[in-house]
Amino acid sequence: MPKQQMAFLANRILSRGLLDSRWIMVPFYVGLVLALLILLFVFGRELFEHLTSILRMNSSEAIVMVLSLIDLSLVANLVLIVIFAGYENFVSRIESEPGSRPGWMGTIDFAGMKMKLMASITAISSIALLRLFMKMSENIAVDVDVLRWMVIIHLALLISMLLLAVTDWLNIRTGRGPTAP
């Protein structure tokens, strides 16, 4: 076999192997589906625990309960976004019946996924801070160091999200971004 044909064949085998290696990601996404089921179980357990004490709840406890459930819901949404967008961006298109796909599915690229992740993480951080402030409003002792670190981490998340948004916006404006027109 001539040298040129061997090089072509080797390149083709290597290219095919690299392309097929994307399927290694599938167990990660299956693991995230299992994590979603765990979140559902925890959500149901928390909801049941709160419902059993609903007659003794004051308004602050009700707000904390709702925030806890919202927190779990946001984390579940985050996992779902990573599963769908990650699978479609890095493995293969998800085949589905017409009309059964969420409107955003198939439209989120890597930059969009980063922004949705950062927005969800920041919202989760906000809820954690709000829960802490609710405890403070009920005169429950809160560790000042914990509060300080939570605020610092929240600000760091906000700044990171802002910097990612500005970076993506600049890349799009200069025509270098993945979502540039």
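Okay, so let's go over this structure. (Residues numbered from 1 in each chain as written. Predicted model: local features only at pLDDT ≥ 70, side-chain atom pairs only at ≥ 80, totals over all residues. Heavy atoms only, no water.)

A closer look at the overall build of the chain
Put simply, the test is: Secondary structure is summarised from DSSP: a helix means a run of H or I of at least four residues, a strand means a run of E of at least two, and numbering begins at the N terminus for each. The globule rule used for comparison is 2.2 Å times the number of residues to the exponent 0.38, while the radius of gyration itself is calculated over C-alpha atoms. Three exposure classes are used, based on accessible area relative to the maximum for each residue type with a 1.4 Å probe and protein chains only: buried under 20%, partly exposed in between, and exposed over 50%. In what follows, a contact means two residues having at least one pair of non-hydrogen atoms within 4.5 Å. Surface accessibility in these figures is a Shrake-Rupley result with a 1.4 Å probe; residues are shielded only by whichever protein chains are displayed. In summary, the charge assignment counts Lys and Arg as positive and Asp and Glu as negative, without counting His or the chain termini. For this purpose, a charge sits on NZ of Lys, CZ of Arg, CG of Asp or CD of Glu.
Regarding its fold elements, the chain presents 5 helices and 0 strands. For the chain, the N- to C-terminal ordering of α and β elements is α-α-α-α-α. In summary, the chain has a C-alpha radius of gyration of 23 Å against a globular reference of 16 Å for 181 residues, an excess of more than 25%. Reported as C-alpha extents along the three principal axes, the dimensions of the chain are approximately 80 × 40 × 35 Å. Per-residue burial for the chain yields a buried fraction of 22% across its 181 residues. Counting contacts in the chain only where the partners sit at least 6 residues apart, residues at least 24 apart contribute 67% of the total. Just so you have it, the chain exposes about 12,500 Å², and 70% of that area is on carbon and sulfur atoms. Of the charged side chains in the chain, 15 are positive and 13 negative, and the gap between their average positions amounts to 12 Å.

Topic: the side chain of Asp168
Tracing the sequence through the fold places Asp168 in helix H5 (residues 144-173). Residue Asp168 is classed as buried on the basis of its relative accessible area, which comes to 13%. Excluding anything up to four places from it in sequence, Asp168 contacts Ala111, Lys114 and Met115.

Remarks on the environment of Leu32
Note that Leu32 resides in helix H2 (residues 26-52). Classification of Leu32 as partly exposed rests on a relative accessible area of 25%. Sequence separation of Leu32 and Ile83 is 51 residues, and the distance between their C-alpha atoms is 6.8 Å. The contacts of Leu32, once residues within four sequence positions are left out, are Val79, Val82 and Ile83.

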